[in-house]
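A look at the structure
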Amino acid sequence: MVKAGIIGATGYAGGELVRILLGHKDVEIKWYGSRSYIDKRYADVYRNMFELVEDVCRDDNLKELAEQVDVIFTATPQGFLASVLDEEILSKVKVIDLSADYRIKDVAVYESWYGIAHKSPQFIKEAVYGLCEVNREQVKGARLVANPGCYPTCSVLSVYPLIKEGMIKPETLIIDAKSGTSGAGRGAKTDNLYCEVNENIKAYGVAVHRHTPEIEEQLSYAAKETVVLNFTPHLVPMNRGILVTAYANLQEILQPDGSYALPSKEQLRSAYEKYYGKEKFVRLLPEGVCPETKWVEGSNYVDVNVVLDARTGRVIMLGAMDNLVKGAAGQAVQNMNLMFGLPEEEGLELVPMFP
């Protein structure tokens, strides 16, 4: 039985971790950490846990926690884990961080986009970027995993096969993304009040959203060249879900007859089948079916598809997922399963909820 501790257990991602881990047959939650609710019953914070969780919330003392558990999940603001993590903790326990502290390998880029100094850059190189479908083997041997951001997860998985196979021109890539309000966290913010969000859709973080360098870095690894792109997120009036629509110009590729030509729609779909045909949590939809957030809500699935626009020589890549599950807590549990040699899907075979 894997003993787990959660720091930030009363945020939205932390609450999802609790929900998922309670249904995991190989995990016992030993610590519900929450600086805001110390000594308050967890079930009084989240009443859906009434008679399911009897524990009270505790503090965020990682050194004490590391003595009691096998894995620590940190669903905390940027900068928290980097300010407290040290070799003593990592020598005793595996850590899965849901913040951005160890996702970006260039510390100067992290500090520039997040506006804070990194307190433990010595662990950045070691941290494995926990996008399981891409870095599965590295995750298995990791003691520190940087759980990807929600927008980057959906964006990278939507685009990855074509950029990896050299079928698109990276410099032409544009990613348009839309997210429900839970992506902003549980803290009180005027912009997220009901009257501000309801009956409205808006772009935000235009040209400056801090998930941009994370997306660029991961796609650069796939393309084997530096990728610079436009990423524009939008806030939509729903609780959960992310929809990505990405656009790029096609790149000529070598054809069976030795000539070079733009890829056909069959070749585009074959690229997705190559990378995702055996993946449990990435579902390539039938031709002509567009991903929708309502069909992945509450699950760890990402639905993707690709559409060729032969008229313009461009391709549209689409993806939909639940930002709190595959975009946060579900992916963190998927990483934990890999790190402890458990079946990757354990605790995550959550049927999407509808309506």
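This is a predicted model, so every value here is computed, not measured. (Residues numbered from 1 in each chain as written. Predicted model: local features only at pLDDT ≥ 70, side-chain atom pairs only at ≥ 80, totals over all residues. Heavy atoms only, no water.)

1. Things to note about the overall build of the chain
- Within the chain one finds 12 helices and 15 strands.
- Against the globule reference of 20 Å for 355 residues, the chain gives a C-alpha radius of gyration of 20 Å, in line with a compact fold.
- Here the C-alpha coordinates of the chain stretch approximately 65 × 45 × 40 Å along the principal axes.
- Looking at the chain as a whole, 54% of its 355 residues are labelled buried.
- Expressed as a percentage of contacts within the chain between residues at least 6 apart in sequence, the contacts between residues at least 24 apart total 69%.
- Carbon and sulfur atoms form 51% of the exposed surface of the chain, whose accessible area is close to 15500 Å².
- Positive and negative charge centroids in the chain, built from 38 and 48 side chains respectively, lie 0 Å apart. (Helix = DSSP H or I, 4+ residues; strand = E, 2+ residues; numbered from the N terminus. Rg over C-alpha atoms; globule rule 2.2 N^0.38 Å. Buried < 20%, exposed > 50% of the residue type's maximum accessible area, 1.4 Å probe, protein only. Contact = heavy atoms within 4.5 Å. Areas by Shrake-Rupley, 256 points an atom, 1.4 Å probe, with all protein chains shown as cover. Lys, Arg positive; Asp, Glu negative; His and termini not counted. Charge placed at Lys NZ, Arg CZ, Asp CG, Glu CD.)

2. Comments concerning the sheet that holds strand E6 (residues 144–146)
- With parallel pairing, the six strands of this open sheet are ordered in space as E2-E1-E3-E4-E6-E5. Sheet topology places strand E2 (27–33) and strand E5 (128–129) at the edges, where each strand pairs with a single neighbour.
- Direction of pairing for strand E3 (residues 71–74) relative to strand E4 (residues 94–97): parallel, over a ladder of four bridges. Looking across to E4, one finds that Thr74 is bridged to Asp97.
- Of the strands in this sheet, strand E1 (2–7), E2 and E3 are in contact with helix H1 (residues 12–22), which crosses E2 at around 155 degrees. (Pairing = 2+ DSSP bridges. Axes fitted to C-alpha atoms, helices over the stretch in contact; angles between N-to-C directions.)

3. A short note on the side chain of Ser155
- Inspection of the secondary structure assignment puts Ser155 in helix H8 (residues 150–164).
- What makes Ser155 buried here is its relative accessible area of 0%.

4. Things to note about the pairing of strand E10 (residues 242–249)
- Taken together, the six bridges between strand E7 (residues 174–179) and E10 define a ladder with antiparallel strand orientation. Residue Asp176 lies in a different strand from E10, and its bridge partner there is Thr245.
- Two elements, E10 and strand E15 (residues 314–321), share eight bridges in a ladder whose sense is antiparallel. Looking across to E15, one finds that Ala246 is bridged to Met317.

5. Description of the pattern of salt bridges
- Overall, the coordinates contain 26 salt bridges when judged by the stated rule.
- Across the pair Glu67 and Lys92 runs a salt bridge, and its minimum N-O distance is 2.3 Å. Residue Glu67 is located in the loop between helix H3 (62–66) and E3, and its partner Lys92 is located in the loop between helix H5 (87–90) and E4; the two are separated by 25 residues in the primary sequence.
- Here the residues in one salt-bridge network are Lys63, Glu67, Asp86, Glu88 and Lys92, joined through shared partners. (Salt bridge = Lys/Arg side-chain N within 4 Å of Asp/Glu carboxyl O.)

6. Details of the side chain of Asn335
- Inspection of the secondary structure puts Asn335 in helix H12 (residues 325–339).
- A distance of 3.0 Å separates the side chain of Asn335 from the side chain of Asn147, its partner in a polar contact.
- Residues in contact with Asn335, not counting those within four places in the same chain, are Ile96, Gly130, Cys132, Val139, Val145 and Asn147. (Polar contact = N/O pair within 3.5 Å; in protein donor to acceptor, adjacent residues only side chain to side chain.)

7. Let's talk about the sheet that holds E7
- Strand order in this open sheet of seven strands is E8-E9-E7-E10-E15-E14-E13, and the pairing throughout is mixed. Of all the strands in the sheet, the pair left with one neighbour each is strand E8 (202–203) and strand E13 (282–284).
- Examined bridge by bridge, E7 and strand E9 (residues 230–235) share six bridges and lie parallel to one another. From the neighbouring strand, Asp176 faces E9, where its bridge partner is Thr232.
- Across the face of the sheet, helix H11 (residues 265–276) comes into contact with E13, strand E14 (302–309) and E15 while running at roughly 160 degrees to E14.

8. What about the packing of aromatic side chains?
- Under the definition given, this model contains eight aromatic pairs.
- Between Tyr151 and Phe231, the aromatic rings sit 5.3 Å apart at their centres with planes inclined by 70 degrees, giving edge-to-face as the arrangement. Separated by 80 residues along the polypeptide, Tyr151 in helix H8 and Phe231 in strand E9 bring together distant segments of the chain.
- Using a relative accessible area of 2% as the deciding quantity, one classes Tyr151 as buried.
- Ring centres of Tyr160 and Tyr275 lie 5.6 Å apart, and the angle between their planes is 90 degrees; on these two criteria the pair is classed as edge-to-face. Taken as a pair, Tyr160 in helix H8 and Tyr275 in helix H11 lie far apart in primary sequence, 115 residues in all.
- Taken together, the ring pairs connect Tyr32, Tyr42 and Tyr46 into an aromatic cluster.
- Between Lys94 and the ring centre of Phe340, over which it is positioned, the NZ or CZ distance is 5.8 Å.
- Of note, Arg283 hangs over the ring of Tyr301, and the distance from its end group to the ring centre comes to 4.4 Å. (Phe/Tyr/Trp six-rings, centres within 6.5 Å; stacked < 30°, edge-to-face > 60°. Lys NZ or Arg CZ within 6 Å of the ring centre and 35° of its normal.)

9. Some points on empty space enclosed by the protein
- Applying the stated criterion across every chain, the model contains one cavity of 30 Å³ or more.
- In this structure, the largest cavity encloses a volume near 30 Å³.
- For the lining of the largest cavity, the residue count by class is two nonpolar, one polar and three charged. (1 Å grid on protein atoms, 1.4 Å probe; cavity = no way out; pocket = protein on both sides within 12 Å on 5 of 7 lines; lining within 4 Å. Points joined across faces, edges and corners; volume = space filled by probe spheres on them. Nonpolar A, V, L, I, M, F, W, Y, C, P; charged D, E, K, R; others polar.)

10. Digging into the state of the cysteines
- Scanning the model with the defined rule gives zero disulfides in all.
- You can see Cys154 has no disulfide; the closest cysteine sulfur is in Cys150, sitting 9.1 Å from it. (Disulfide = S-S within 2.5 Å.)

By themselves, these figures tell us nothing about what the structure is for.
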